[in-house]
Each structure stands twice: as structure tokens, then as C-alpha cells.
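Each chain is listed here by its residues.
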Amino acid sequence: MAPLIIDGKTVSAAVEAETVLRIAALLERGVTPGLAVVLVGEDPASQSYVKMKERDCERLGIRSFDARLPADITQERLNDVIDGFNADPHVHGILVQQPFPRHLDVESVVERISPAKDVDGFHPENLGKLMRGVPGHRACTPWGVMRMLDHYGLELSGKRAVVVGRSLLVGKPMGLMLLERNCTVTYCHSRTVDLPAVCREADILVAAIGRPKMIGAEYVREGAVVIDVGINRTEAGMVGDVDFDAVAPICSAITPVPGGVGPMTRAILMSNTVGAAEALTA
Ligand code: NDP
């Protein structure tokens, strides 16, 4: 039987529709949600992500505040920019586009952002809240995956989830969110021994690796739900970490690339910004 295609465009549209209603309620109270996006340097991929985020803001009626900073900016000057946004009552969310130049200290940049405005969910306070299981800003990509699983009513409790990838942006928070929903979670990474065998134990397999089409049929148990977070630009175009054609006949549900997790990340960022505006102006 053909698998369920978990369609990021459909789910992100549903998230956006909710966000639009929440923005209308804020506007009625005289609050326009605002998102500050900080871009250091001229990395073309980062520039295009930032542009897409600004377009999302414009479409939804979120005010965007830009800071395009030179690649050789000092840590002190960047701190000043972040402090300015932290203090600005019109700015409810702050995002510093990663990656940024090596001379800047990632940790101190992330920690500089006010946790209440950390709509990326990377501040230690928000990561700590995720670990503690209390509300806080949640990292957009894994939170988007959770929304997709819920949208399609896919059962999580008691399921075996395997997350391939342990980055702070995706893999680690992904596993914690699945654990929070009573999955039995296994993390895999580049040192995992016999990765295909571990992945074959999964009812829910999440690939967040950054290796084009690495997850083939031998990694997937019959009937598994397969979530492909990967975005890999190849000569053949954008592909995920999962070999869709090989895996689709085996699994029960799967996200495509493009059109799967990708649109969710942006929709959740907008939703988190609105959540920050609601909390900061309550
Ligand atoms: P990172 O490079 O930070 O992390 C990759 C993870 O994959 C690491 O934990 C690494 O293990 C693991 N890994 C690498 N090679 C292997 C291997 N051969 N076998 C097993 N594990 C391996 O990437 P990110 O987490 O930031 O992103 C992952 C993917 O998701 C990328 O394709 C990225 O473009 C995409 N992405 C998509 C988003 C979206 O909106 N859809 C948003 C963010 C990311 P180790 O820790 O041992 O090095």
C-alpha cells in the first residue's frame, strides 16, 4: 500500500492559519508582533533563509527588524546589537542566523539573547525548560516535526523512536520532544555501530544527518513512520537524507523533500514569534 505522505505544505498552512488569528487578536490589543533577524556576513544560503523569513513576516503582518552586519564585526558590537533588540519593546523575537563567522563565540551570542525573545529556542534557559518538560520556546524544526506527527494523528506513546543526528539545532531537542510524548528514544550519530540495525528497530525514524539519501531500505522496518529533516543541495536538486523512492514502499508514512519538514520550520518560527509577543505583552 502507498504510504501516507506527510505534507509539510498542508500542515504549515494550518499552523499559519492559527498564527494569523493570533496576530489579529494581538493587533486588537494594539500589539504588532516584531521579529529581529540578525545576519552576520554574506553567506548566500543564510541570505536566502533570511529573505524568506522576512517575506513570511510581511505576508503575516509581523514587523521585521533587520540587522545585516559585516563578517568582521566584533563580538562587542554584535552584543550591542543584540542588547538593543533585547531592550526594544517593539521586538518580541530575536534570531541570529547561523552559522556565523568563526571569530564570534556562538555560546555567548546565543546566551546574550533574552530567553523570552529567543524564538529559535536555542538559549540554555529554553533548552533547560524543554529538558524539564515545562513551557518555553521550542526549537522550530523539531517542534515542526511534532506538529506534523500530531496533525496526522500518528500515535507516539510507547513507540520506539530513533533519531539519527544529535545536533543542538535538530537531533537533541527532537529526541527530547519525542521522549516527552512517551516514545522510547534512541539517539544515533556518526559513531553508532551498525546504524541500519538500530534504525530498523524504529517505529518512528527521524533522519537529521545532512547526508544525501543516506537512509535506504535497509534502515527501515516495514510500516515505520519516516521523517526526513535533511536538506542537501546536490547537482540533481534538493534532496533529503532519506532515499525516498527506496523507502516509500516499505514505510507507512513519510515526509518528502522538498515539501516536508522544510516549510514547517518557517511556520513555527512565525508561531513562536507570535507566542513571544503574547507572553511579553500579557
Ligand atoms: P549537523 O551537521 O549539526 O549534525 C549532523 C548529525 O548527523 C550529527 O549528529 C552527526 O553525528 C550525524 N551524522 C553525520 N554523518 C553521519 C553518519 N554517516 N551516520 C550517522 N550519523 C551521522 O546538522 P544539523 O542537525 O544542523 O542538520 C541536519 C540536516 O538537517 C541537514 O541536512 C540540514 O540541512 C537539515 N536541516 C533542515 C532543517 C529544515 O528546516 N528542514 C533545519 C535544520 C537543519 P556526530 O554528532 O557524531 O558528528
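Residues numbered from 1 in each chain as written. Predicted model: local features only at pLDDT ≥ 70, side-chain atom pairs only at ≥ 80, totals over all residues. Heavy atoms only, no water.

**Quick look at the site of the ligand**
Step number 1: Around the ligand, a shell composed of 21 residues is seen, among which Arg-166, Ser-167, Ser-190, Ile-231 and Thr-265 lie nearest.
Step number 2: Arg-211 places a polar side-chain atom, nitrogen or oxygen, 3.3 Å from a nitrogen atom of the ligand.
Step number 3: With respect to the ligand, the side chain of Thr-265 contributes an N or O atom lying 2.7 Å from an oxygen atom.
Step number 4: Isolated, the ligand exposes 920 Å² of accessible area, and the fraction of that covered by the protein chains is 71%. (Near = heavy atom within 4 Å. Polar contact = N/O pair within 3.5 Å; in protein donor to acceptor, adjacent residues only side chain to side chain. Areas by Shrake-Rupley, 256 points an atom, 1.4 Å probe, with all protein chains shown as cover.)

**Overview of the sheet that holds strand S2 (residues 34-40)**
Two orientations exist for strands paired in a sheet by backbone hydrogen bonds: parallel and antiparallel.
Step number 1: Within the open sheet, the three strands sit side by side as S3-S2-S4. Their pairing is parallel. Either end of the sheet is taken by a strand with one partner, and the two such strands are strand S3 (63-69) and strand S4 (93-96). Each adjacent strand pair in this sheet contributes to an overall mean axis angle of 15°, direction not counted.
Step number 2: Bridging between S2 and S4 involves four bridges; their strand directions are parallel. (Pairing = 2+ DSSP bridges. Helix = DSSP H or I, 4+ residues; strand = E, 2+ residues; numbered from the N terminus. Axes fitted to C-alpha atoms, helices over the stretch in contact; angles between N-to-C directions.)

**A short note on the environment of Glu-28**
Step number 1: Assignment of secondary structure puts Glu-28 in helix H1 (residues 8-28).
Step number 2: Sequence spacing of Glu-28 and Gly-93 is 65 residues, and the spatial spacing of their C-alpha atoms is 20 Å.

**Topic: the packing of aromatic side chains**
Step number 1: Under the definition given, this model contains zero aromatic pairs.
Step number 2: A cation over an aromatic ring shows up here: Arg-138 above the ring of Trp-143, its NZ or CZ 5.3 Å from the ring centre. (Phe/Tyr/Trp six-rings, centres within 6.5 Å; stacked < 30°, edge-to-face > 60°. Lys NZ or Arg CZ within 6 Å of the ring centre and 35° of its normal.)

**Side note on the environment of Val-261**
Step number 1: Relative to the helices and strands, Val-261 is located in helix H10 (residues 261-280).
Step number 2: Sequence separation between Val-261 and His-90 is 171 residues, and the spatial gap between their C-alpha atoms is 30 Å.
Step number 3: Every residue in contact with Val-261, bar those within four places of it in the chain, is listed here: Thr-141, Val-145, Met-148, Ile-227, Asp-228, Val-229, Thr-255 and Pro-256. (Contact = heavy atoms within 4.5 Å.)

**Quick word on the pairing of strand S7 (residues 204-207)**
Step number 1: Of the two faces of S7, both are covered, the one formed by Ile-204 and Val-206 as well as the one formed by Leu-205 and Ala-207.
Step number 2: One ladder, built from four bridges, connects S7 with strand S8 (residues 225-228); its direction is parallel. Looking at the pairing, Leu-205 lines up with Val-226 of S8. (Buried < 20%, exposed > 50% of the residue type's maximum accessible area, 1.4 Å probe, protein only.)

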